[in-house]
Structure formats: C-alpha cells, structure tokens
Amino acid sequence: MNGRHSPAGAPRPKRDAANSTDATDTTDATDRDDARIARLKKLALWIFLALCVVFIAWVAWGFVQFDQDIDNPREGGFSGRRCDAGKDCGS
C-alpha cells in the first residue's frame with residue numbers, strides 16, 4: 001500500500017475553470033450534494049445510536065420487572081408460576 005487510499009475512495013480530480021465555463025457551478029453542486037449526504041449519514045447514525053440506547057433500556061427494564069416478579073410472586077404478574085401443581089399461592 002502506498003498510502004493513497006482513503007475510506008471514501010479515490011480523490012476526485014480538480015476541475016480547471018479555464019477548461020469549462022460552468023466548472024464552479026458543477027463543483028458547488030457536487031460539494032452541496034456531498035455535504036447533504038454526509039449530514040444524512042450522520043443523522044442516520046445518531047438515530048440508530050438512540051434506538052440502540054432505547055432498546056437496551058427497554059431490555060434492562062424487562063429484567064428488573066422479571067426479577068421483581070420472581071421475588072414477589074403473589075403481587076401480580078408472576079402469580080401461580082412458582083406454586084405446586086393444584087395449589088393456590090394467592091391464599
């Protein structure tokens with residue numbers, strides 16, 4: 001490897017204003033499109049990160065509720081699961 005590679009690919013060649021009459025318009029539009037794409041990618045990354053945090057919090061809350069239901073079977077959500085067959089734990 002000679003160090004010329006980048007994650008975004010090969011660099012774009014610079015346009016010379018003398019070769020094209022609308023070279024600045026094209027490069028400005030390209031730069032705006034590149035900036036827009038970069039912002040969309042960053043926004044997508046932050047949204048994905050936020051969804052991951054929400055999912056982890058939801059799973060943690062589920063574990064806390066499950067642990068509470070295991071420790072207190074008569075209080076609701078888990079009643080009857082730890083009782084012997086044919087017996088009522090509620091009484």
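Our subject is the structure that appears above.
Residues numbered from 1 in each chain as written. Predicted model: local features only at pLDDT ≥ 70, side-chain atom pairs only at ≥ 80, totals over all residues. Heavy atoms only, no water.

### Let's talk about the overall build of the protein
For the record, the criterion: Think of it this way: any DSSP run of H or I at least four residues long counts as a helix, any run of E at least two long counts as a strand, and we number them from the N terminus. To sort residues, take the accessible area from a 1.4 Å probe on protein chains only and compare it with the maximum for the residue type: under 20% means buried, over 50% means exposed, and anything in between is partly exposed. Here the open area of atoms and residues is found with the Shrake-Rupley method and a 1.4 Å probe, where only the protein chains shown may cover a residue.
Within the protein, the regular secondary structure consists of one helix and zero strands. For the protein, with 91 residues in total, the buried portion stands at 3%. When the accessible area of the protein is evaluated, it comes to approximately 8500 Å², of which 59% is carbon and sulfur surface.

### Remarks on the packing of aromatic side chains
So the rule is basically this: Each pair of aromatic rings taken from Phe, Tyr and Trp, with Trp reduced to its six-membered ring, is defined by centres within 6.5 Å and is described as stacked if the planes are under 30 degrees apart, edge-to-face if over 60, and tilted in the remaining cases.
All told, the structure shown has one aromatic pair when counted by the stated rule. Seen from their ring centres, Phe55 and Trp58 are 6.0 Å apart, and the 45° between their planes marks the pair as tilted. In this pair, Phe55 and Trp58 both sit in helix H1 (residues 23-71), three residues apart, roughly one turn of the helix. With a relative accessible area of 48%, Phe55 lands in the partly exposed category. Given a relative accessible area of 60%, Trp58 falls into the exposed group.

### Let's talk about the pattern of salt bridges
Two side chains with opposite charge may pair up if their charged atoms get near one another. Formally: By definition, a salt bridge exists where a carboxyl oxygen of Asp or Glu is found within 4 Å of a side-chain nitrogen of Lys or Arg.
By the definition in use, this model includes one salt bridge. Between Asp33 and Arg36 there is a salt bridge whose closest N-O contact spans 3.5 Å. Pair noted here: Asp33 and Arg36 are both in helix H1, with a separation of three residues, about one helical turn. We classify Asp33 as partly exposed; its relative accessible area is 39%. Under the relative-accessibility criterion, Arg36 is labelled partly exposed at 45%.

### Notes on a nonpolar patch on the surface
Rule in force here: Residues enter patches when their relative accessible area tops 30% and they take part in no salt bridge; the joining distance is 9 Å for like charges and 5 Å for the nonpolar side chains Val, Leu, Ile, Met, Phe, Trp and Tyr.
A surface patch of nonpolar side chains, amounting to about 400 Å² of accessible area, comprises Leu40, Leu43, Ile47 and Leu51. Relative to the assigned elements, Ile47 resides in helix H1.

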